[in-house]
Amino acid sequence: MERNLKYYTAARFVNLLGTGIYSICVPLFLIEQFQTIFSTSIFYTLIQIPSLLFLPLLGIFLENKNLKHVLLESNVLSAVLFLFLIGYMLFAKHQIWLFILFSALEKINSSCFNVASNSIFARIFAVETIEKANGWKSTVDNLTSVLAPVFGTFIYAGFGLNIVILLNAFSFLISFLFLTKISYPETISAKRTRLSLSDGLRYITKNQELKTLFIAFMLLNFLVMPTANVFAPGILKIDYHFSDVLYGLTSTAVCLGAILSSLAISLHPKREKITVFFYMQGALMIVSGVLAYGLHATPGLFYWLYLMLCGLSGYFSTKVNIPLMAYFQKQVPAHQQTRFFSLLTLSANLMSPCGTLYAGTLCNQIGSSLAYAGNGLLLVLVLHFLFRKSSLKNNALF
């Protein structure tokens, strides 16, 4: 593994592990304090709003910045915020509005870190290694999503939120040390231009391939992302009444499938037509929904089939996400990538809650199983229309 990739993945792993542990513990803390799920939903809504408002301007703010310095500063700011937070938790009265303020500031800073960490690829990795680097990045992301809940619940139960916050601050400092080892070409910042948000939108709309894939990405966030928050709980908990342990294993299966796919791409990168994997996502949703609707008489059989489908879903979604991200990092000029990825992140953050609201309404009308199959069918049909009208078929990757 090359030097930059080694230190980038190490820094990201430590950063995400600390953040993941903290994210798992915050809902537990809020429920302990207020004894209601509603307060938790209000908390997360409030801390998301400043980040959503700031995201359209984030790409412009980061334009022509040294992204290595941005990542370093982001880690330092996170460490300082969490050290202040632990001081507040230890010595001040618990005032929820201060906790919301700290969390909202960290959410903005986290968005800055994510946009910069995606945009830096074209600057620190050779073009031919970008897909491999994305594979290792995805492996790290999914590995932390498996480890963080385990470590988080154990640490919170044994030592409380204060230790979780302290460990999180410490993780940002370790991430900072790893990032200092990355080699960054200083000449990349030489080109200075004044660009607006509308310039970023025009760049996307004028490039037919880029526009098509941007819309496809939004579609995935609208139709597929509600699986974890709406469809899976609706099918497994409400329709089938499976235990929390069995429900949790399905998320683990998704992560394991994603890790296997990420490692396959990292160790043996090769060109594959990702349109096939787009369609596979829809097909797996249809099959899962139909099985959930038809196998009520044999819940054990359904569960094992669904568990395998979850693993396949994680595998194929990663087969889409990694080449897609690599394509964006290769095709979008380096000096425009912060603006592009801020718009991409904004679209994901807007489409996911809209898709969740739509999915919840649909589940109430026709049931979780049929709603899930219906979303899968809609995904296949819209993707077919979208790809048929585009020039992607002329690109070997698609």
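Criteria and thresholds
- Residues numbered from 1 in each chain as written.
- Predicted model: local features only at pLDDT ≥ 70, side-chain atom pairs only at ≥ 80, totals over all residues.
- Heavy atoms only, no water.
- Helix = DSSP H or I, 4+ residues; strand = E, 2+ residues; numbered from the N terminus.
- Buried < 20%, exposed > 50% of the residue type's maximum accessible area, 1.4 Å probe, protein only.
- Patch = residues over 30% accessible without salt bridge, like charges linked within 9 Å, V, L, I, M, F, W, Y side chains within 5 Å.
- Areas by Shrake-Rupley, 256 points an atom, 1.4 Å probe, with all protein chains shown as cover.
- Salt bridge = Lys/Arg side-chain N within 4 Å of Asp/Glu carboxyl O.
- Axes fitted to C-alpha atoms, helices over the stretch in contact; angles between N-to-C directions.
- Parallel < 35°, antiparallel > 145°, perpendicular 65-115°, else oblique.
- Left-handed = near helix turned anticlockwise from the far one by under 90°.
- Nonpolar A, V, L, I, M, F, W, Y, C, P; charged D, E, K, R; others polar.

J.: How should unusual backbone geometry be read in this particular structure?
T.: Backbone geometry follows two general trends: most residues other than glycine have a negative phi, and most peptide bonds adopt the trans configuration. Phi is positive for His241, close to 60 degrees, though the residue is something other than glycine. Residue placement: His241 occurs in the loop between helix H10 (226-239) and helix H11 (244-267). With a relative accessible area of 63%, His241 lands in the exposed category.

J.: Where do I start with a nonpolar patch on the surface in this structure?
T.: A cluster of nonpolar side chains, Leu83, Phe154, Phe159, Ile163, Leu166 and Leu167, forms an exposed patch at the surface whose accessible area comes to about 600 Å². Mapped by element, the contributors of at least two residues to the nonpolar patch are helix H6 (130-159) and helix H7 (161-179). Checked against the element boundaries, Ile163 lands in helix H7. By relative accessible area, which is 34% here, Ile163 ends up partly exposed.

J.: I tried to follow the pattern of salt bridges on my own but got confused; where do I start?
T.: Side chains carrying opposite charge are able to pair once their charged atoms draw close together. Applying the stated rule across the entire model yields 2 salt bridges. For Lys137, the salt bridge identified is with Asp141, shortest N-O distance 3.7 Å. You can see Lys137 and its partner Asp141 sitting in helix H6, 4 residues apart, about one turn around the helix. Classification of Lys137 by relative accessible area gives buried; the value is 10%. Overlapping salt bridges bring together Arg12, Lys137 and Asp141 as one network.

J.: I would appreciate a short explanation of the packing of helix H3 (residues 67-91) against H7 in the present structure.
T.: Two numbers describe a pair of packed helices, the interaxial angle and the distance between the axes. Running from N to C, H3 and H7 point in directions that differ by 160 degrees, and their axes come no closer than 9 Å. Judged on the interaxial angle alone, H7 and H3 are roughly antiparallel. Pair H3 / H7 crosses with left-handed handedness. Looking at the contact of H3 with H7 residue by residue, the class counts come to 18 nonpolar, 5 polar and 1 charged.

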